[in-house]
Amino acid sequence: MPPYAYFNKQFVPLAEAKIGVMTNFLHYGTAVFEGIRGNWNSQKKQIYLFRLREHYQRLHNGCQVLNIDLPYTIDELCQLTVELVAKCRFEEDTYVRPLAYKSSESLGVRLHDLDCDFLAFAFPWGPYLDADRARCRVSSWRFPGEVPRAKLTGLYVTNAVAKTEAVENGFDEAIMLTPDGYVAEGSGENIFLAVDGKLVTPAGYDGILLGITRDTVIKLAQDELGIETVERHVGRVELYTAEECFLTGTAAHITPVAEIDRRKIGDGEIGAVTKKLQKLYSEIIRGNNPKYLDWCTPVYKR
Ligand code: PMP
C-alpha cells in the first residue's frame with residue numbers, strides 16, 4: 001500500500017500531492033503544522049492515534065494566530081485523520097503531519113486576502129532522536145521571543161539552525177534559551193529536570209510550545225507517581241546540577257538526557273523517575289493501559 005495524503009479535499013497517493021511553487025506559505029512561513037503519532041500495537045494489530053483531539057485543538061489555536069480559516073471542524077479533522085491512517089494500512093509506528101496553510105498562489109508578505117487550505121499525510125516513522133540517552137548542547141541561537149506557543153512553520157528556522165549547530169558539534173539535540181536567558185526547550189521537544197523529588201519544567205510564560213507530551217508527563221507524574229511538577233523559569237546552570245533530565249515530544253516520546261554542555265547529568269545513566277515515566281508512557285500510547293484508553297483513538301475496525 002502506498003502512503004496516502006489528504007490534499008485538495010480528497011485522499012490521493014502521497015506521491016501525487018504536489019504544491020505550486022508560488023504558493024504563499026512556502027515563501028513566508030505562513031502555515032501551522034502538527035505532529036501526531038500513530039502507535040502500533042502488535043498484539044492487538046491496531047494503531048492508536050495519541051491525544052488526537054488535543055493536537056487539532058492546538059492546530060486550531062495556531063490558525064487563529066495566522067488568520068487561517070480552517071475549512072473543517074476539529075471533529076472532522078479527527079475523522080479524516082483516522083480515515084487517512086486506516087487507508088495507509090501500516091503495521092508499524094506512524095507519524096501524521098497535518099498542515100493548515102495560506103494556499104493562494106500569490107506572493108506578498110501578508111496574512112489577509114489569501115485562501116487557506118488543509119492537508120495531511122502519514123508515513124512510517126520510528127524513534128526521532130537517534131539515541132536512547134541524548135547528549136545536548138545549549139544553543140547559541142536564542143529562541144524566538146514573539147508569537148511562539150504555536151507550531152507556525154516560519155518559527156522553526158531558529159530550531160533548525162540550533163539543531164544543526166548541535167549536531168555539527170557532535171551532540172544529539174540543542175537546548176534553546178529564551179531571549180532573557182532562561183531555558184526554553186529543545187528544537188522539537190520540551191525539557192524536564194528532576195530536582196529534590198519534584199519535576200521542574202519551563203513555564204508557559206517562557207513562551208515555550210505547550211507540548212501535549214509535556215502535559216501527559218505532568219499528569220502521569222502526579223497521578224501515577226505522586227510527583228509534583230513545578231512550572232517556572234529555569235536557569236541554565238540548573239541544567240548542570242539536576243539529578244535527572246529528559247526531553248518530551250510526540251516524535252521523541254520521553255528521551256533521557258545523559259549530558260549537557262559536556263557535563264554528565266546525574267550519573268549519566270537513565271534516572272529512576274525518567275525510567276518510570278518512560279515505562280508508563282510507552283504502555284499508555286500503545287493502548288495497553290485501560291485507564292488511559294480515552295487518549296487513544298484506534299484506526300482499524302476490528
Ligand atoms: N517544543 C517544540 C519546539 C516542538 O516542536 C515540539 C514537538 N511538537 C514540542 C516542544 C513537544 O510538543 P508535543 O509534545 O506536543 O509534540
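Residues numbered from 1 in each chain as written. Predicted model: local features only at pLDDT ≥ 70, side-chain atom pairs only at ≥ 80, totals over all residues.

### So, the overall build of the protein
Argument step 1. A tally of regular secondary structure across the protein gives seven helices and 17 strands.
Argument step 2. The C-alpha radius of gyration computed for the protein amounts to 19 Å, which stays within 12% of the reference 19 Å derived for 302 residues, consistent with globular compactness.
Argument step 3. Seen through its principal axes, the protein has C-alpha atoms that stretch 50 × 50 × 30 Å.
Argument step 4. Within the protein, the fraction of its 302 residues that count as buried is 45%.
Argument step 5. Within the protein, contacts between residues at least 6 apart in sequence are counted, and of these 70% link residues at least 24 apart. (Helix = DSSP H or I, 4+ residues; strand = E, 2+ residues; numbered from the N terminus. Rg over C-alpha atoms; globule rule 2.2 N^0.38 Å. Buried ≥ 20, exposed ≤ 12 C-beta atoms within 10 Å, placed from the backbone. Contact = placed C-beta atoms within 7 Å.)

### Comments concerning the site of the ligand
Argument step 1. Taken together, 14 residues form the shell around the ligand, and within it Gly 211, Ile 212, Thr 213, Gly 249 and Thr 250 come nearest.
Argument step 2. Elements represented by at least two residues in the shell around the ligand include exactly helix H5 (212-225) and strand E14 (244-249).
Argument step 3. When residues in the shell around the ligand are grouped by element, the largest group, three residues, is from H5.
Argument step 4. Of the residues belonging to the shell around the ligand, the class tally is two nonpolar, nine polar and three charged. (Near = placed C-beta within 6 Å. Nonpolar A, V, L, I, M, F, W, Y, C, P; charged D, E, K, R; others polar.)

### Considering helix H2 (residues 52-65)
The α-helix advances 3.6 residues per turn, and as a result positions three or four apart in sequence lie on the same side.
Argument step 1. Taking 1.5 Å per residue, 14 residues should reach 20 Å; H2 reaches 21 Å between its end C-alpha atoms and fits that length.
Argument step 2. Phi for Asn 67, located one or two positions after H2, is positive at around 55 degrees. (Expected span 1.5 Å × (residues − 1).)

### Quick notes on the domain arrangement of the protein
Argument step 1. As assigned here, the protein comprises domain 1 (4-124) and domain 2 (134-285).
Argument step 2. When each unit is reduced to the centre of its C-alpha atoms, the spacing between domain 1 and domain 2 is 26 Å.
Argument step 3. Facing the 22 residues of domain 1 at the interface are 10 residues of domain 2.
Argument step 4. Elements represented by at least two residues in the side of domain 1 that touches domain 2 include exactly helix H1 (24-28), strand E3 (31-33), strand E4 (36-41), strand E5 (46-50) and H2. (Domains from an automatic or database assignment.)

### Structural notes on the nonpolar core
Argument step 1. Core analysis: the largest hydrophobic core is formed by 82 residues, its most contacted members being Val 85, Ala 100, Cys 245 and Val 257.
Argument step 2. Top element by residues in this core is strand E7 (residues 116-124). It accounts for six residues.
Argument step 3. Here this core spans two domains, and each of domain 1 (4-124) and domain 2 (134-285) adds at least three residues to it.
Argument step 4. Apart from the residues within four sequence positions on either side, Val 85 is in contact with Gly 38, Ile 47, Leu 49, Thr 94, Val 96, Ala 122 and Val 299. (Core = buried A, V, L, I, M, F, W, Y, C linked by C-beta atoms within 7 Å.)

### Re the packing of H5 against helix H7 (residues 272-285)
Argument step 1. The N-to-C vectors of H5 and H7 enclose an angle of 105 degrees; their axes lie 11 Å apart at closest approach. On the basis of their axis angle, the class for H5 and H7 is roughly perpendicular. Of the residues in H7, those in contact with Thr 216, Val 217, Leu 220, Ala 221, Glu 224 and Leu 225 of H5 are Lys 276, Leu 277, Leu 280 and Tyr 281.
Argument step 2. Looking at side-chain class alone, the contact of H5 with H7 contains seven nonpolar, one polar and two charged residues. (Axes fitted to C-alpha atoms, helices over the stretch in contact; angles between N-to-C directions. Parallel < 35°, antiparallel > 145°, perpendicular 65-115°, else oblique.)

### Side note on the packing of H2 against helix H3 (residues 74-88)
Argument step 1. Between H2 and H3, the shortest axis-to-axis distance is 9 Å and the interhelical angle comes to 125 degrees. Classified by the angle between their axes, H2 and H3 sit oblique to one another. In terms of crossing hand, the pair formed by H2 and H3 is right-handed. Where H2 approaches H3, its residues Leu 52, Arg 53, Tyr 56, Gln 57 and His 60 are matched on the opposing element by Ile 74, Leu 77, Cys 78 and Thr 81.
Argument step 2. When its residues are assigned to classes, the contact of H2 with H3 shows five nonpolar, three polar and one charged. (Left-handed = near helix turned anticlockwise from the far one by under 90°.)

### Side note on unusual backbone geometry
Argument step 1. The backbone phi angle of Lys 9 is positive, close to 65 degrees, even though this residue is not glycine.
Argument step 2. Among the structural elements, Lys 9 can be located in the loop between strand E1 (4-7) and strand E2 (10-13).
Argument step 3. Its identity is not glycine, yet Arg 262 carries a phi of approximately 65 degrees, on the positive side.
Argument step 4. If you trace the backbone, Arg 262 turns up in the loop between strand E15 (253-260) and strand E16 (263-264).
Argument step 5. By C-beta crowding, Arg 262 is classed as exposed, having 10 other C-beta atoms within 10 Å.

### Overview of the pairing of strand E11 (residues 190-195)
Argument step 1. For E11, a buried count of five out of six residues is recorded, marking the element as mostly surrounded by other parts of the structure.
Argument step 2. In the sheet, E11 pairs with E14 via five bridges, with the strands oriented antiparallel. When the sheet's bridge partners are listed, Ala 194 is paired in E14 with Glu 244.
Argument step 3. Where E11 meets strand E12 (residues 198-201), three bridges bridge the pair, whose relative direction is antiparallel. Bridge assignment links Leu 193 to a residue of E12, and that residue is Val 200.
Argument step 4. The turn joining E11 and E12, which pair antiparallel and follow one another in sequence, is formed by two residues; a positive phi near 50 degrees is taken by Asp 196. (Pairing = 2+ DSSP bridges.)

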